[in-house]
Amino acid sequence: MKQLIKKILPASVRWQLRKTYLDLRGWFYRGNRYHCSGCGQSYHTFLPMSDGALPRDNVVCPGCGILERHRMLMLFLEKETDLYQKKHRVLYFAPEYSLQEYLRKQPTIDYLSTDIDSSLAMQEFDIMNIPHPENSFSAIFCSHVLAHVIDDKLALRELYRITEKGGFLLLLDPPAEIPKTIEDKNADTPEKRLKLFQQDDRYRIYGQDFSERLAEPGFEVEVIDYVKTLPSEKIEKYRLSEKDLIFMCWKR
């Protein structure tokens, strides 16, 4: 059904319909208990996350649809980076609607979003073959993308190439409690990948060697456990997860 809708309706129409739906749903859930750093609204509850490998309750913003990691990212960017004080050329992979709208409005940000197949992204290209020259971007965001890329090492080399010197690649991909990343080249069908990785479009489960993999192209990797620096009342107010980590990969 989703594929049929994509063929029938232009991307702009699909996203306008989704925005209208989210606006109406968000109005119904308005309250004061929880706050979303993406859309900037407060709600009496968040919604359950039923898709994917980790279903959980009370985490989806009813007004814009973002999750714990996105709300954490918005707080981190505001408080811990100079993204809103200095000029930055930003590339965002697999963007979320509310975050994209917020970043595009910032006067300090020259913003571009991309995905391999998206009605929301401003450009479509493969992360393993990025059509931009070296040192093009001072900040790159890539959340929960690399595990779904056939050759993540090639993708990381491309990301290093287009990051400008002094810039950073920011990833939100919490590794599992296993020593080494699990991969299997024989998992060459959606059915095999679903059985091995819990998702049919996933090519690996990252382990505790994730930082080492990120450093291979030349990045200097800083692992930030940002949520644990926040007071408990703020963690609850924004419904953040203490399992989420920020991987800041600097090109010095």
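Quick look at the structure, then. (Residues numbered from 1 in each chain as written. Predicted model: local features only at pLDDT ≥ 70, side-chain atom pairs only at ≥ 80, totals over all residues. Heavy atoms only, no water.)

1. Overview of the side chain of Asp173
This is how the line gets drawn: Under the DSSP-based scheme used, a helix requires at least four consecutive residues in state H or I and a strand at least two consecutive residues in state E, with every element numbered from the N terminus. Any two residues whose heavy atoms approach within 4.5 Å are treated as being in contact.
Considering the arrangement of structural elements, one finds Asp173 in the loop between strand 9 (163–172) and strand 10 (182–183). Ignoring anything within four residues of it in the chain, the contact list for Asp173 reads Cys142, Ser143, His144, Val145, Leu146, Phe210, Leu245 and Phe247.

2. Let's talk about unusual backbone geometry
Inclusion rule: Burial status follows relative accessibility: with a 1.4 Å probe on protein chains alone, a residue under 20% of its type maximum counts as buried, one over 50% as exposed, and anything between as partly exposed.
The phi angle at Ala94 is positive, at roughly 50 degrees, despite the residue not being glycine. Tracing the sequence through the fold places Ala94 in the loop between strand 5 (88–93) and helix 4 (97–104). For Ala94, a relative accessible area of 24% translates into the label partly exposed.

3. What about the side chain of Arg69?
Structurally, Arg69 can be placed in helix 3 (residues 68–80). The residues touching Arg69, leaving out its near neighbours within four places in the chain, are Ser143, His144, Leu172 and Asp244.

4. Observations regarding helix 3
Going by this rule: What a helix should span is 1.5 Å times the count of its residues minus one.
Given a rise of 1.5 Å per residue, 13 residues ought to cover 18 Å, and the 18 Å separating the end C-alpha atoms of helix 3 matches this to within 8%. Taken across its 13 residues, helix 3 has ten buried, putting it largely inside the fold. Looking at helix 3, one finds that the buried residues are Glu68, Arg69, His70, Arg71, Met72, Leu73, Met74, Leu75, Phe76 and Leu77.

5. Things to note about helix 5 (residues 152–162)
Where we set the bar: To be clear, the arc concerns the directions from the helix axis to the C-beta atoms. Any pair of N or O atoms that falls within 3.5 Å is considered a polar contact. Within protein, one atom must be able to donate a hydrogen and the other to accept it, and sequence-neighbouring residues count only if both atoms are side-chain atoms.
Of all the positions in helix 5, only Asp152, Ala155, Leu156, Glu158, Leu159 and Ile162 are classed as buried. Looking down the long axis of helix 5, one finds its buried residues gathered within 160 degrees of arc, a one-sided arrangement. Next to the buried residues of helix 5 lie strand 5, strand 8 (137–143), strand 9, strand 10, strand 11 (204–205) and helix 7 (210–215). Capping the start of helix 5 is the job of one residue whose side-chain oxygen sits 3.2 Å from the backbone nitrogen of Lys153: Asp151.

6. Description of the pairing of strand 8
Rules: Strands are labelled as partners when DSSP assigns at least two bridges between them.
Most of strand 8 is tucked away: seven of the seven residues are buried. Both strand 5 and strand 8 contribute to a ladder of four bridges, which runs parallel. Its bridge partner being in strand 8, Tyr92 is matched across the sheet by Phe141. As paired elements, strand 8 and strand 9 share six bridges and run parallel to each other.

Purely geometric stuff here, so don't read any function into it on its own.
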